[in-house]
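Examination of the molecular architecture
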Amino acid sequence: GSDNDKNFLLPSVVYYGKNNEIIVGESAKQIGKNDAKNTIFSVKRLMGKNLNDVKNNENFAGDEKILKIKTNQGEKTPVEISAEILKILKNRAENFLAGDLVGAVLTVPAYFDDAQRQATKDAAKLAGINVLRLINEPTAAAIAYGLDNQSEGIFAIYDLGGGTFDISILKLTRGVFE
């Protein structure tokens, strides 16, 4: 689904304004040009991280267990910020499908560790999404491309972008990926 301006992509940008105003997506991206301190870009990179992972930055708070980002609306965790993005995506899906979203499969970068995967699940739960499964982004790309309907074999799928180069090796046997 798209937004009111027919944008099908949703930039992962959240703006925390005064008076509890929360704006997500393209509009937040535009506002961020003038209020970068209250606009969070690419929160996915902060999922499962703690304060020690982002030293020397005055915009962060928290401790060795949890990271928080300072905003107009107080300190927000990466999970809370991600949940705002996921809420919009959930609403778009429900509007597009004309029904309730009973579950979703979420994708995560292949390099995500257990803490980052758990943080992603926590964000989805906070957004009201029942996570059926987390899969690596290269695996999702393979499924979207249609490899799940192809003959059996071993496939290499790479994901080049966002400063990383991820590769997944998938073995397809009788319609099941490993």
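Now for a description of the structure that goes with this document.

Procedures and definitions
- Chains are numbered independently. Their residues run from 1 in the order of the written sequence.
- For this predicted model, a pLDDT threshold of at least 70 governs which residues receive local features, and a threshold of 80 or more governs which side-chain atom pairs are given and counted, while totals over whole chains, interfaces and linings are taken from all residues.
- Remark: hydrogens and water are excluded; side-chain values derive from all non-hydrogen atoms of the structure.
- To qualify as a helix, a DSSP run of H or I must reach at least 4 residues; to qualify as a strand, a run of E must reach at least 2; elements of each kind are numbered from the N terminus.
- Given a helix with a known number of residues, its expected span is that number minus one, times 1.5 Å.
- Only protein chains enter the accessibility calculation, which uses a 1.4 Å probe; a residue whose area is less than 20% of its type maximum is buried, one above 50% is exposed, and one in between is partly exposed.
- Pairing between strands is defined by DSSP: at least two bridges between the two strands are required.
- Note that the arc is computed from the directions linking the helix axis to the C-beta atoms.
- When checking whether two residues touch, look at their non-hydrogen atoms; a contact exists if any pair is within 4.5 Å.
- In protein, a polar contact requires one atom able to donate a hydrogen and another able to accept it; more generally it is a pair of N or O atoms within 3.5 Å, and residues adjacent in sequence count only if both atoms are side-chain atoms.

Attention shifts here to helix α2 (residues 78-97). For α2, built from 20 residues, the straight-helix expectation of 28 Å at 1.5 Å per residue is met to within 8% by its first-to-last C-alpha distance of 28 Å. Restricting attention to buried positions, one finds in α2 the residues P78, I81, S82, A83, E84, I85, L86, K90, R92 and E94. Trailing α2 by a residue or two, A98 shows a phi angle of about 55°, which is positive.

A separate point is the pairing of strand β5 (residues 67-71). Only one face of β5 is buried: it carries L67, I69 and T71, and the other face, with K68 and K70, is open. Direction of pairing for strand β4 (residues 60-62) relative to β5: antiparallel, over a ladder of 3 bridges. Pairing of F60 across the sheet is with I69, part of β5. Linking two consecutive strands that pair antiparallel, namely β4 and β5, is a turn of 4 residues. Pairing between β5 and strand β6 (residues 74-76): 3 bridges, direction antiparallel. Bridge pairing in β6 places I69 opposite K76. The antiparallel hairpin formed by β5 and β6 contains 2 residues in its connecting segment.

Compared with the 18 Å implied by 1.5 Å per residue over 13 residues, the 18 Å span of helix α3 (residues 114-126) between its first and last C-alpha is a close match. Along α3, the residues that are buried comprise Q116, R117, A119, T120, A123 and A124. All buried residues of α3 project into a common sector of 160° when viewed along the axis, lining one side. More than 90 degrees from the buried face of α3, the exposed residues found are D114 and K125. On its buried side, α3 packs onto α2, β7 (104-108) and β8 (131-136). In this structure D113 caps α3, since a side-chain oxygen of it lies 3.1 Å from the backbone nitrogen of A115.

Strand direction decides the pairing type here: strand β10 (residues 164-173) and strand β11 (residues 176-177), joined by 2 bridges, are antiparallel. The residue bridging T173 from the neighbouring strand is V176, located in β11. Turn length for the β10-β11 hairpin, with the two strands adjacent in sequence and antiparallel, is 2 residues, and the turn residue R174 shows positive phi of about 50°.

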